[in-house]
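Coordinate inspection notes
One letter stands for each residue in the lines below.
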Amino acid sequence: MRLDVVTVFPDYLAPLRLALLGRAVDRGIVEVGVHDLRAWTHDVHKSVDDTPFGGGPGMVMRPTVWGDALDDLVPPAGTGGATGSTASDPDSRPLLIVPTPAGRPFSQADAHRYARRRRIVFACGRYEGIDQRVVDEASERMDVEEVSIGDYVLIGGEVAVLVIAEAVVRLLPGVLGNRRSHEEDSFSDGLLEGPSYTRPEVWRDRPVPEVLKSGDHARIARWRRDESLRRTAERRPDLLRRAALGAADLQTLAE
Ligand code: 6GU
């Protein structure tokens, strides 16, 4: 998988090369390119924004600058640009992700969907966003998704890119190493994961739940499911309404 990020703050994306993500890069599972949007500016002041048509507060990022950046990263058909996963290859249209608080909510299902792509380009907006025509025009040669990572407002899309990239890259084969796949993640069964414990058995007068030391695997599985259900009911009742629940689950929730 190749990830490209266009931003006015390339340093903000340094964590893409750290820890788990960095290891995926070192192992050749992911290629990462971080690009300074100002490389595509046309003036000495390297200006990337301008005042909004129609008035209002803040500034809007210029389509001219963004257009040139995206053209270089994903050359339009017939411009004799680099070959590879570009518009001319219909099976591998790159995915353009534009992080914005006005986007569709990003979810674990999206992470799985993105993990199947060969190429993802992230366009980080700052200020009041990017001129909408950039997104509209890019959709002629890329699949474009405007996504939000939650109901709050960040200064720019950079942190959202880190969030999305991490959620996606950890799903790629070979990145997490020796895990029992992703079957036990929170959200994989539509529920939150319950609590976990390790040694010592008693810590500051607090014992580990007895059942976890019983060696009775069926009882442990049922206890974990119940904790998961109770936690989800408490913290995310919205998830519970969509989860596949059995008779024992409904019994637990009724208690
Ligand atoms: Cl994706 N971008 C920005 N700037 N703010 C956000 C967001 C994204 N998601 C939630 N808030």
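As a starting point, this report considers the structure included with it. (Residues numbered from 1 in each chain as written. Predicted model: local features only at pLDDT ≥ 70, side-chain atom pairs only at ≥ 80, totals over all residues. Heavy atoms only, no water.)

The next point concerns the site of the ligand. Near the ligand, the surroundings consist of Pro-99, Thr-100, Pro-101, Val-147, Ser-148, Ile-149, Gly-150, Tyr-152, Val-153, Leu-154, Gly-156 and Ala-160. Ile-149 places a polar main-chain atom, nitrogen or oxygen, 3.0 Å from a nitrogen atom of the ligand. At a separation of 3.1 Å, a nitrogen atom of the ligand approaches a polar backbone atom of Leu-154. Taken by itself the ligand offers 290 Å² of open surface, and the protein chains cover 97% of this. Of all the secondary structure elements, the ones that give two or more residues to the shell around the ligand are strand S5 (95-105) and strand S7 (143-148). Split into classes, the residues belonging to the shell around the ligand amount to eight nonpolar, four polar and no charged. (Near = heavy atom within 4 Å. Polar contact = N/O pair within 3.5 Å; in protein donor to acceptor, adjacent residues only side chain to side chain. Areas by Shrake-Rupley, 256 points an atom, 1.4 Å probe, with all protein chains shown as cover. Helix = DSSP H or I, 4+ residues; strand = E, 2+ residues; numbered from the N terminus. Nonpolar A, V, L, I, M, F, W, Y, C, P; charged D, E, K, R; others polar.)

All right, on to the sheet that holds strand S6 (residues 119-123) then. Overall, parallel pairing links the five strands, which are arranged S2-S1-S6-S5-S7 in an open sheet. Two strands lie at the open edges of the sheet, namely strand S2 (31-36) and S7, each paired on one side alone. Each strand of the sheet is rotated relative to its neighbour by a mean of 25°, with strand direction disregarded. In the sheet, S5 pairs with S7 via seven bridges, with the strands oriented parallel. By the bridge assignment for S7, Ile-97 is matched with Glu-145. Across the sheet, helix H5 (residues 158-169) is in contact with strand S1 (2-7), S5, S6 and S7; its angle to S1 comes to roughly 175°. (Pairing = 2+ DSSP bridges. Axes fitted to C-alpha atoms, helices over the stretch in contact; angles between N-to-C directions. Contact = heavy atoms within 4.5 Å.)

Moving on, we get to unusual backbone geometry. Residue Arg-199 is joined to Pro-200 through a cis peptide bond whose omega torsion reads 0°. Among the structural elements, Pro-200 can be located in the loop between H5 and strand S8 (202-203). We note that Ala-19 has phi near 50°; this positive angle belongs to a residue other than glycine. Mapped onto the elements, Ala-19 comes out in helix H1 (residues 19-26).

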